[in-house]
Number of protein chains: 2
Amino acid sequence: MHRELSEEQARAWLATAVEEARTGLSEGGVPIGAALYGADGTLLGRGHNRRVQDGDPSAHGETSAFRAAGRQRTYRGTTMVTTLSPCWYCCGLVKQFGITRVVIGESTTFEGGQEWLAEQGVEIVRLDDAECVTMMEEFIAAHPDVWNEDIGEDED
Amino acid sequence: MHRELSEEQARAWLATAVEEARTGLSEGGVPIGAALYGADGTLLGRGHNRRVQDGDPSAHGETSAFRAAGRQRTYRGTTMVTTLSPCWYCCGLVKQFGITRVVIGESTTFEGGQEWLAEQGVEIVRLDDAECVTMMEEFIAAHPDVWNEDIGEDED
């Protein structure tokens, strides 16, 4: 079921994650969104970072989308689409559950563990999306404390 | 604030995680529990795997305890105590948020990413607890499908 992903398809899927990020931003939260697509291209789940909204530090964009997808027998052939390069927590999720591919909106503001994921055999698609960069840059400039908390940076 | 952990203290903390695992088992769920302790030894959060109970694949023992602890400015000096060696998803959580130490009830039934965590500088304390082993062995024998699903194993 694993197929080549066209850039057009990747960008169409990214739009879902961007919608989630925008929703998060409008709620006053960290603007990171994600969506999990099945091997056949169906949307399994979508979500966004909910640290601020729910006081839930475990709700990153990717884990929210994964959670929304509910129980799955296999993740073979699935694609996790995220507006921002996944952190180690979300990279661990991808590796443990055998998610096949990760589409990344941007990795300019945050690199995360994408190189490690690629070494683990996960297919990485980087889109360098301008809107994703702008959303994160503006949020980080306005709320550096929340952003640092979201990635466990505690340099005082 | 980082102090040596005595085996007595580690086993006392593990008892909290074991209580969580037993609760999960009594609910019909995967019997894995965890607790997050602060640098000063206070209990920050506790929880257990809730895949079956909530239909939530993101709720591993460690992520449930992390979630229950709510937002934290830093995880420096904290200890994640878990009945079972953490999977890659939960290892990623520990690395990303800078959790200092992981106390592991058992790693006989599942090895997870503990060696990688140790390489990342996380202090690993292995307790080889007999009750933790028995709970997992019995659960895996009775519900191999649920266990495989919980760690993303889909060998058919």
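Residues numbered from 1 in each chain as written. Chains lettered and ligands numbered in written order. Predicted model: local features only at pLDDT ≥ 70, side-chain atom pairs only at ≥ 80, totals over all residues. Heavy atoms only, no water.

An unreviewed UniProt entry lists chain A under the name tRNA-specific adenosine deaminase, from Streptomyces tsukubensis. Recorded in UniProt for chain A, the comment headed Pathway (unreviewed entry) runs: "Pyrimidine metabolism." Under the UniProt heading Cofactor (unreviewed entry), the note attached to chain A is "Zn(2+)". (UniProt positions renumbered as here; feature names shortened; annotations may be inferred.)

Caption draft 1: Seen up close, the relation of the copies chain B and chain A. Once chain B is rotated about the relating axis by 180 degrees and shifted along it by 0.0 Å, it coincides with chain A to within an RMSD of 0.0 Å. Both copies are brought into coincidence by an operation consistent with a two-fold rotation axis. No C-alpha of chain B lies nearer the rotation axis than that of Gly92 of chain B, which sits 2.4 Å from it. When the interface residues of chain B are mapped onto chain A, 100% of them are again interface residues, pointing to one common binding face. (Least-squares fit on C-alpha atoms with pLDDT ≥ 70 in both. Contact = heavy atoms within 4.5 Å.)

Caption draft 2: Region of the structure containing the UniProt feature "domain: CMP/dCMP-type deaminase" (unreviewed entry) in chain A. Per the UniProt annotation, the sites labelled "domain: CMP/dCMP-type deaminase" (unreviewed entry) are residues 8-116 of chain A. Secondary structure over residues 8-116 of chain A splits into 40% helix and 21% strand, and the C-alpha atoms at its two ends are 26 Å apart. (Helix = DSSP H or I, 4+ residues; strand = E, 2+ residues; numbered from the N terminus.)

Caption draft 3: Structural detail: helix α1 (residues 7-26) of chain B. All names here are of chain B. Here α1 spans 28 Å end to end across 20 residues, near enough to the 28 Å set by a 1.5 Å rise per residue. For α1, the full list of buried residues reads Ala10, Trp13, Leu14, Thr16, Ala17, Val18, Glu20, Ala21 and Gly24. The first or second residue beyond α1 is Gly28, which carries a positive phi of 90 degrees. (Expected span 1.5 Å × (residues − 1). Buried < 20%, exposed > 50% of the residue type's maximum accessible area, 1.4 Å probe, protein only.)

Caption draft 4: Highlighting the interface of chain B and chain A. Each partner contributes residues to the interface: chain B has 36 residues there, and chain A has 36 residues. Carbon and sulfur atoms supply 52% of the area that chain B and chain A bury against each other, a total of about 3,300 Å² over both sides. For the chain B face of the interface with chain A, the top three residues by lost area are Arg71, Arg73 and Gln96 of chain B, together amounting to 22%. Our count for the contact surface shared by chain B and chain A stands at six salt bridges. Here Arg71 of chain B and Glu149 of chain A are joined by a salt bridge, their closest N and O atoms 2.6 Å apart. The interface formed by chain B and chain A contains 16 residue pairs in polar contact (both at pLDDT 80 or more). (Buried area = accessible area lost by both parts, 1.4 Å probe. Salt bridge = Lys/Arg side-chain N within 4 Å of Asp/Glu carboxyl O. Polar contact = N/O pair within 3.5 Å; in protein donor to acceptor, adjacent residues only side chain to side chain.)

Caption draft 5: Region of interest: the nonpolar core. Among the nonpolar cores identified, the biggest contains 58 residues, and Met80 and Trp147 of chain A together with Met80 and Trp147 of chain B are the most heavily contacted of them. With residues up to four places along the chain from it excluded, the contact list for Met80 of chain A reads Ala34, Ala35, Leu36, Glu62, Ala65, Phe66, Leu93, Ile99, Arg101, Val102 and Val103 of chain A. (Core = buried A, V, L, I, M, F, W, Y, C linked by side-chain atoms within 4.5 Å.)

Caption draft 6: Molecular detail of the pattern of salt bridges. Counting across every chain of the model gives 24 salt bridges over all chains. Salt-bridge contacts for Arg67 of chain B lead to Asp56 of chain A; the nearest nitrogen and oxygen are separated by 2.7 Å. Taken together, the positions of Arg67 of chain B in helix α3 (residues 61-68) and Asp56 of chain A in the loop between α2 (51-54) and α3 (61-68) put the pair across two chains. Given a relative accessible area of 3%, Asp56 of chain A falls into the buried group. A salt bridge links Arg101 of chain B to Glu123 of chain B; its shortest N-O distance comes to 3.3 Å.

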